[in-house]
Amino acid sequence: MNMQQLKANRFNRHRHSFPSTMVIEAMEQNLLAVKLALQNTTSVQNGSERAFGILGYPAAILMFSIVDTIGSHFRKSKSQPLMIVGNGSVKISCSGDQHFYILNSEYFNLELKKDDIKAFYKIGRNALTHNSLIGEELTLAASHDTPFLEVCEASGKGKYVVHLHSFYEACANAITLFKLNKDTIFENSINAKMFPLTRGK
């Protein structure tokens, strides 16, 4: 066995053999990081003043990622949960904001309108993850209120509210349900088919 093969075997030894274990471990690690972020009270710069607060931005990024992950594994799946948007059921047929249809299923138990789902995806998940910004109508709140993603009637700042602590609890419950259903989910997941085969011993 040459040196290149030895190096490959060294890394493969710690690899997951199944996509389900990798996805679940990644989501559980993200959830743990969220828990620590919401427990942490740190000094942060707020304009010209310093204030104390939780690590809300990274917590929100990771929780929106968990929603996106769960939704993505149902994309084009033959075994999708019932998701009601508006007056009828919907399917996750493509990537992007459709992954967030999962919010209106047994996994997260919300009843959001389609435009509001798109808004949370666009000005919450996307803007925060890719640009470190949140849309002008979105507010992150260190609160336990329900629903954890709240839509208010008034336009402008505060129309969309992310209640971070209750969002954490919702993600924890969703991951638990995902684990219970993992066999069926990964039998039908197109994402699972992209999982690279483990080589070497």
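Residues numbered from 1 in each chain as written. Predicted model: local features only at pLDDT ≥ 70, side-chain atom pairs only at ≥ 80, totals over all residues. Heavy atoms only, no water.

Draft legend 1. Representation of unusual backbone geometry within the structure. Backbone torsion omega between Thr146 and Pro147 reads -5°, so that peptide bond is classified as cis. In this structure, Pro147 sits in the loop between strand S5 (138–141) and strand S6 (149–151). Despite not being glycine, Lys76 shows a phi value in the positive range, around 60°. Locating Lys76 in the fold gives a position in the loop between helix H3 (56–72) and strand S3 (84–85). At Ser132, a position not held by glycine, the phi torsion is positive, near 55°. Inspection of the secondary structure puts Ser132 in the loop between helix H4 (114–131) and S5. (Helix = DSSP H or I, 4+ residues; strand = E, 2+ residues; numbered from the N terminus.)

Draft legend 2. Local environment of the layout of surface pockets. Considered as a void within the structure, the second largest pocket measures approximately 230 Å³ in volume. Looking at the second largest pocket, it is lined by 13 residues, and the ones nearest its centre are Lys113, Asp116, Val151, Cys152 and Glu153. Looking at the lining of the second largest pocket, the elements that each hand over two or more residues are H4 and S6. (1 Å grid on protein atoms, 1.4 Å probe; cavity = no way out; pocket = protein on both sides within 12 Å on 5 of 7 lines; lining within 4 Å. Points joined across faces, edges and corners; volume = space filled by probe spheres on them.)

Draft legend 3. Seen up close, the pattern of salt bridges. In this structure the tally under the stated criterion is 3 salt bridges. The residue Glu28 makes a salt bridge to Lys179 at a minimum N-O spacing of 2.7 Å. Of this pair, Glu28 sits in helix H2 (residues 19–39) while Lys179 sits in helix H5 (residues 164–180), and the two are 151 residues apart along the sequence. Put simply, Asp183 and Lys182 hold a salt bridge, and the shortest N to O gap is 3.3 Å. Residue class for Lys182 comes out partly exposed when judged on its relative accessible area of 30%. (Salt bridge = Lys/Arg side-chain N within 4 Å of Asp/Glu carboxyl O. Buried < 20%, exposed > 50% of the residue type's maximum accessible area, 1.4 Å probe, protein only.)

Draft legend 4. Inspection of the pairing of strand S7 (residues 160–163) at higher detail. Here S7 shows a buried face lined by Tyr160 and Val162 and a second buried face lined by Val161 and His163. Pairing analysis gives 3 bridges linking S6 to S7, with the strands arranged antiparallel. By the bridge assignment, Val151 is partnered in S7 with Tyr160. (Pairing = 2+ DSSP bridges.)

Draft legend 5. Geometry of the confidence of the model for the chain. The share of residues in the chain with pLDDT of 70 or more is 84%, and the mean pLDDT across the chain is 87. No element of the chain has a lower mean pLDDT than helix H1 (residues 3–12), at 54, and none a higher one than H5, at 98. (pLDDT = per-residue confidence, 0-100.)

Draft legend 6. Region of interest: the packing of aromatic side chains. For the coordinates displayed, the defined rule picks out 8 aromatic pairs. For the pair Phe108 and Phe148, a centre-to-centre distance of 6.1 Å together with 55° between the ring planes defines the contact as tilted. Pair noted here: Phe108 is in the loop between strand S4 (88–89) and H4 and Phe148 is in the loop between S5 and S6, with a separation of 40 residues, a long-range link. On the basis of relative accessibility, which here comes to 4%, the residue Phe108 falls in the buried class. Between Phe178 and Phe186, the ring centres sit 5.8 Å apart and the planes meet at 90°, which makes this aromatic pair edge-to-face. Residue Phe178 is classed as buried on the basis of its relative accessible area, which comes to 0%. (Phe/Tyr/Trp six-rings, centres within 6.5 Å; stacked < 30°, edge-to-face > 60°.)

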